[in-house]
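Notes for the structure review
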Amino acid sequence: MRIIRDFQFIEPQDRGASVAIGNFDGVHIGHQSVIELARNAAPDAPLGVMTFEPHPREYFAPAAPPFRLMRCNARAHRLEKLGVKKLYELPFNSALAGLTPEEFASNVICDGLGLSHVVVGADFCFGKGRSGTADDLVRFGQQMGFGVTIAPLMERSENIVSSTAIRTALTEGRPRDAATMLGHWHRIEGPVIGGEQRGRELGFPTANMSIEGLHPPKFGVYAVLVDVLDGPHRGSYQGAASVGTRPMFKGEVPNIETFLLDFSGDLYGATLSIGLVEYLRPELTFDGLDGLIAQMNSDCDKARTLLAKL
């Protein structure tokens, strides 16, 4: 998959794609259906996705609480698995935000990227002040010579599938409900960073990862599936992970600490993808380390039993 970050200066082979447009946070089943429509709308054209970085919501409200389900690298990995060949990850800045809907259609879609077809959701808004609608895009496409398909909103169990609904499920500790809407386990992806070695001292060495900038799932312990994406231990594993601030040790910055079952090795610097499968319990404090170790043994036993049934 090629990632293109400039709509004004692109290679000829990167023009002419059939593209799904949106933020694609989480790449949920609704997003996947929009991408499939783009694939089928122009089977002979390269399949593409146009998205924006940073997320427009981050651009307009930088001080707002973290809301993203995935970072841009994780989004790119997920899109590549879906067969996307061209990822137009456009910088969202004052110049792009200031384009009128017609200017966006002309300067970006038509003249800049030379797209053959675009697919957007029924609630798609674009251009300065979000003043352009999906119907406006159809009209511009007719005038400028690119095709447009409007994808209906997807519903599951009488609820509209959305990134907002997925965030709610994660906040409430319902990762399986989130997975139903995502079409895959909700994953936290990133590099393993140095910790305070407490897990190793307790007999449970953990891989520590930051969740900065991401929507935090309900704090507590989860049964997880772990993909080590690079390095000598590359592969898939099972584990138990703690998401939160470690109240036993008066932690302050939320993170995720993952213990891989039946694993021995150094994961520092490796990139991990942690899939949340089941919420096991909330964060707890204990009178002493013996109680904590007993609880961690119990957590790992529960995770092992539950994951064996997948």
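Our structure is the block above this text.
The following paragraphs examine the structure supplied in this document. (Residues numbered from 1 in each chain as written. Predicted model: local features only at pLDDT ≥ 70, side-chain atom pairs only at ≥ 80, totals over all residues. Heavy atoms only, no water.)

Here we take up the sheet that holds strand β3 (residues 47–53). With parallel pairing, 6 strands are arranged side by side in an open sheet as β1-β4-β3-β2-β5-β8. Both edges of this open sheet fall to β1 (2–4) and β8 (147–151), since each of them pairs with a single strand only. The mean angle between the axes of side-by-side strands here comes to 25°, regardless of whether they run parallel or antiparallel. Running at roughly 160° to strand β2 (residues 18–21), helix α1 (residues 29–41) makes contact with β2, β3, β5 (117–121) and β8 of the sheet. In this fold helix α6 (residues 134–144) packs onto β5 and β8, with an angle of close to 160° to the strand it touches most, β8. (Pairing = 2+ DSSP bridges. Helix = DSSP H or I, 4+ residues; strand = E, 2+ residues; numbered from the N terminus. Axes fitted to C-alpha atoms, helices over the stretch in contact; angles between N-to-C directions. Contact = heavy atoms within 4.5 Å.)

The next subject is the layout of surface pockets. Put simply, the largest pocket is a space of about 1100 Å³. What lines the largest pocket is a set of 40 residues, among which Gly22, Asn23, Asp123, Phe124 and Arg130 lie closest to the centre. Looking at the lining of the largest pocket, the elements with two or more residues in it are α1, α2 (56–60), α4 (94–97), β5, β6 (125–126) and α7 (163–171). Residue composition of the lining of the largest pocket, grouped by class: 21 nonpolar, 13 polar and 6 charged. (1 Å grid on protein atoms, 1.4 Å probe; cavity = no way out; pocket = protein on both sides within 12 Å on 5 of 7 lines; lining within 4 Å. Points joined across faces, edges and corners; volume = space filled by probe spheres on them. Nonpolar A, V, L, I, M, F, W, Y, C, P; charged D, E, K, R; others polar.)

Moving on: empty space enclosed by the protein. For the coordinates displayed, the defined rule picks out 2 cavities of 30 Å³ or more. Along the walls of the second largest cavity sit Leu69, Met70, Arg71, Ala74, Arg187, Ile188, Glu189 and Leu214, which together make up its complete lining. The biggest single contributor to the lining of the second largest cavity is strand β11 (residues 186–191), with 3 residues.

The subject of this paragraph is the pattern of salt bridges. Oppositely charged side chains can pair when the atoms bearing their charge come close. According to the stated counting rule, one finds 16 salt bridges in the structure shown. In this structure, Arg39 and Glu36 form a salt bridge, with 3.1 Å as the shortest nitrogen-oxygen distance. One end of the pair, Arg39, and the other, Glu36, are both in helix α1, 3 residues apart, so they sit about a helical turn from each other. A residue is classified by how much of its surface remains accessible, and Arg39, at 31% relative accessible area, is partly exposed. On the accessibility criterion, Glu36 (33% relative accessible area) is partly exposed. In this structure, Glu53 and Arg68 form a salt bridge, with 2.9 Å as the shortest nitrogen-oxygen distance. Highlighted residues: Glu53 in strand β3 and Arg68 in the loop between α2 and α3 (72–81), separated in sequence by 15 residues. The exposure class assigned to Glu53 is partly exposed, which follows from its relative accessible area of 22%. Linked by salt bridges that have partners in common, Arg5, Glu53, Glu58, Arg68, Arg75 and Glu89 make up one network. (Salt bridge = Lys/Arg side-chain N within 4 Å of Asp/Glu carboxyl O. Buried < 20%, exposed > 50% of the residue type's maximum accessible area, 1.4 Å probe, protein only.)

Close contact between α7 and helix α8 (residues 175–182) brings their axes to 7 Å; oriented N to C, the two are set at 160°. By the angle between their directions, the pair α7 and α8 is classed as roughly antiparallel. For the crossing formed where α7 meets α8, the hand is left-handed. Across the interface between the two elements, Ala165, Ile166, Ala169 and Leu170 of α7 pack against Pro175, Asp177, Ala178, Met181 and Leu182 of α8. Taken together, the residues of the contact of α7 with α8 break down into 8 nonpolar, no polar and 1 charged. (Parallel < 35°, antiparallel > 145°, perpendicular 65-115°, else oblique. Left-handed = near helix turned anticlockwise from the far one by under 90°.)

Pairing in this open sheet of 6 strands is antiparallel, and the strands run β11-β16-β13-β14-β15-β12 from one edge to the other. Of all the strands in the sheet, the pair left with one neighbour each is β11 and β12 (207–210). Averaged over all pairs of adjacent strands, the angle between strand axes in this sheet comes to 35°, irrespective of strand direction. Sheet strands in contact with α8 are β11, β13 (220–228) and β16 (271–281), and its direction is about 130° off that of β16.

Turning our eyes to something else, we now look at the side chain of Glu189. One can find Glu189 in strand β11. One polar contact links Glu189 to His77, side chain to side chain, over a distance of 2.6 Å. The contact partners of Glu189, leaving out residues within four places of it in the chain, are Arg71, Asn73, Ala74, His77, Met209, Leu229, Thr271, Leu272 and Ser273. (Polar contact = N/O pair within 3.5 Å; in protein donor to acceptor, adjacent residues only side chain to side chain.)

Enumeration over the complete set of coordinates arrives at 10 aromatic pairs. Between the aromatic rings of Tyr59 and Phe60, the centroid separation amounts to 5.0 Å while the plane-to-plane angle is 85°, which identifies the pairing as edge-to-face. Taking 5.9 Å as the distance between ring centres and 55° as the angle between the ring planes, the aromatic pair formed by Phe104 and Phe126 counts as tilted. Taken together, the residues span a long stretch of sequence, with Phe104 in helix α5 (residues 101–112) and Phe126 in strand β6 at a distance of 22 residues. One exposure class covers both Phe104 and Phe126, and it is buried. Here the aromatic residues Phe52, Tyr59, Phe60, Phe92, Phe104, Phe124 and Phe126 are joined through ring pairs into a cluster of three or more. A cation sits over an aromatic face here: Arg57 above Phe67, 4.0 Å from the ring centre. (Phe/Tyr/Trp six-rings, centres within 6.5 Å; stacked < 30°, edge-to-face > 60°. Lys NZ or Arg CZ within 6 Å of the ring centre and 35° of its normal.)

Keep in mind these numbers describe shape, not what the thing actually does.
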